[in-house]
Amino acid sequence: AAIFYARRVTVPLPAPRPGAPIVSVSLRDAGGGAMLAAEDADRVHNTASIGTVVLLAEIAVRLADGRLSRDEPLTRTAEDAVPGPGLWQHLRTDTLPAADVAALVGAVSDNMATNVLLRRVGLTSVTERARTMGLTHTALLDRVREVRRPSDPPALSVGTAAELSGLMLALHHGQVRSRAVSRQVLDWLALDTDTSMVAGALGLDPLAHTDPDRGLGLAHKTGTLTGVRADVGLASGPRGVVAYAVLCTFDDR
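Residues numbered from 1 in each chain as written. Predicted model: local features only at pLDDT ≥ 70, side-chain atom pairs only at ≥ 80, totals over all residues. Heavy atoms only, no water.

> Lay out the overall build of the protein in plain terms, naming residues and giving numbers.
For the protein, the helix and strand inventory stands at seven helices and 10 strands. Taking 18 Å as the expected radius of gyration for a compact globule of 253 residues, we find that the protein reaches 17 Å, a close match to that expectation. Taken along its principal axes, the extent of the C-alpha atoms in the protein is 45 × 40 × 35 Å. Taken over 253 residues, the protein has a buried fraction of 52%. As presented, the protein carries roughly 11600 Å² of accessible surface, and 53% of it is formed by carbon and sulfur atoms. In the protein, the 26 positive side-chain charges and the 27 negative ones have mean positions that sit 4 Å from each other. (Helix = DSSP H or I, 4+ residues; strand = E, 2+ residues; numbered from the N terminus. Rg over C-alpha atoms; globule rule 2.2 N^0.38 Å. Buried < 20%, exposed > 50% of the residue type's maximum accessible area, 1.4 Å probe, protein only. Areas by Shrake-Rupley, 256 points an atom, 1.4 Å probe, with all protein chains shown as cover. Lys, Arg positive; Asp, Glu negative; His and termini not counted. Charge placed at Lys NZ, Arg CZ, Asp CG, Glu CD.)

Dropping the structure here:
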């Protein structure tokens, strides 16, 4: 299923020249949906772990309809372990409640937690969730891998700035399955501790911004990979809410 979906992404992933980063931007007024700014917003990028937002949506749907319990114990295996972002790899416990595993994905883009959740629900279900959300070029394509071979999908996830800002807009309006499901996804994304990109301009406490700080709120997801930086989210303030997506691909040399 992952390879099939990867082949649906017919637009080639960008290959920047040294010193020439490729940046795509989409900013929308979350109140009325008006486009505030756009730059190359329909280009498909490698989005690193941004695609786990779709995984979290599938988990939230299953929590809401009873197919998954918040307290269901999920146990990590050796196959789930991947170096890189995450806290679970540093914890002693092998088993955590499903809701806690999802919180790790939202808070620290936990690679092990991502693989455990994906093994629980299956990539086919996540692919179908992306379809029902109206996503054409935005998807989680695979599990997290330490080494990506030619026979594997070309990236963990791909997406466009236009679709990703639209996804954040849909979450804001409670249109991802239901208001409860959308709110749950945003609650997980509000835990994100990576404020090194777009969110850095807001000056929020990286470790504690689930409540508004100086009237500013944030729910977002970042993706980081060699030559890839991506940040998508909802930034709220006294005068309104902005749904944003900024994707950057560059030659890391």
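> Summarise the pattern of salt bridges; cite the residues concerned and give the values.
In this structure the tally under the stated criterion is 15 salt bridges. Of the charged contacts, one joins R120 and E72 as a salt bridge, the two residues approaching to 2.7 Å between their closest N and O atoms. In this pair, R120 sits in helix α4 (residues 111-121) while E72 sits in the loop between α2 (52-65) and β4 (73-75), placing the two residues 48 residues apart along the sequence. Given the relative accessible area of 21%, E72 is considered partly exposed. Its salt-bridge partner being D142, residue R145 comes within 2.5 Å of it at the nearest N-O pair. (Salt bridge = Lys/Arg side-chain N within 4 Å of Asp/Glu carboxyl O.)

> Which residues make up the sheet that holds strand β7 (residues 157-159), and what values do they have?
Reading across the sheet, the three strands line up as β3-β7-β6 and stay open at both edges, with antiparallel pairing between neighbours. The sheet terminates laterally at β3 (45-46) and β6 (139-140), the two strands that pair on one side only. Pairing of β3 with β7 involves two bridges; the strand directions are antiparallel. Along β7, the bridge assignment pairs N46 with V158. (Pairing = 2+ DSSP bridges.)

> Could you give an account of the sheet that holds strand β10 (residues 240-249), with specific residues and numbers?
The strand order across the open sheet formed by five strands is β2-β1-β10-β9-β8, and the pairing between neighbours is antiparallel. Either end of the sheet is taken by a strand with one partner, and the two such strands are β2 (35-39) and β8 (217-225). Direction aside, neighbouring strands of the sheet carry axes that sit 5° apart on average. As judged from the eight bridges shared by strand β1 (residues 22-29) and β10, these two strands associate in the antiparallel manner. Bridge pairing in β10 places D29 opposite V242. (Axes fitted to C-alpha atoms, helices over the stretch in contact; angles between N-to-C directions.)

> Describe the side chain of T222, naming the residues involved and giving the relevant values.
Structurally, T222 can be placed in strand β8. Exposure remark for T222: the relative accessible area of 5% places this residue in the buried category. Here the side chain of T222 touches D194 through a polar contact of 2.8 Å, side chain to side chain. (Polar contact = N/O pair within 3.5 Å; in protein donor to acceptor, adjacent residues only side chain to side chain.)

> Outline unusual backbone geometry, listing residues and values.
Peptide bonds are, in most cases, trans, and in most cases residues other than glycine have a negative phi. Of note in this structure, S109 is not a glycine but carries a positive phi near 50°. Positionally, S109 belongs in the loop between α3 (98-108) and α4. Of note in the backbone geometry, R177 takes a positive phi value of approximately 70° without being a glycine. The residue R177 is located in the loop between α6 (161-172) and α7 (179-189) in this model.

> Could you give me a rundown of α4, with the residues and numbers involved?
In an α-helix, one full turn covers 3.6 residues, which means residues spaced three or four apart are oriented alike. When you tally the buried positions in α4, you get nine out of 11 residues, the bulk of the element. Looking at the buried positions of α4, the neighbouring elements they touch are α2, β4, α3, α5 (123-132) and β6. Where α4 ends, the next residue or the one after it, G122, has phi of about 90°, a positive value. (Contact = heavy atoms within 4.5 Å.)

> Explain the environment of L225 to me, and be specific about the residues and the numbers.
The topology assignment puts L225 in strand β8. In sequence terms L225 and T249 are 24 residues apart; their C-alpha atoms lie 9.4 Å from each other. Not counting chain neighbours up to four residues away, the residues in contact with L225 comprise N46 and A48.

> I'd like a description of the packing of α6 against α7, backed by residues and values.
Interaxial distance between α6 and α7 falls to 8 Å at its minimum, and their mutual angle equals 115°. Residue-level contacts link M168, A170, L171 and H172 of α6 to S182, V185, L186 and L189 of α7. The residue makeup of the contact of α6 with α7, split by class, is six nonpolar, two polar and no charged. (Nonpolar A, V, L, I, M, F, W, Y, C, P; charged D, E, K, R; others polar.)

> Outline the packing of α2 against α7, supporting the account with residue identities and numerical values.
Between α2 and α7, the shortest axis-to-axis distance is 9 Å and the interhelical angle comes to 130°. It follows that α2 is oblique to α7 by the angle criterion. For α2 against α7, the interelement crossing comes out right-handed. Along its contact with α2, which presents V53, L56, A57, I59, A60, V61, L63 and A64, the element α7 presents V181, Q184, V185, W188 and L189. (Parallel < 35°, antiparallel > 145°, perpendicular 65-115°, else oblique. Left-handed = near helix turned anticlockwise from the far one by under 90°.)

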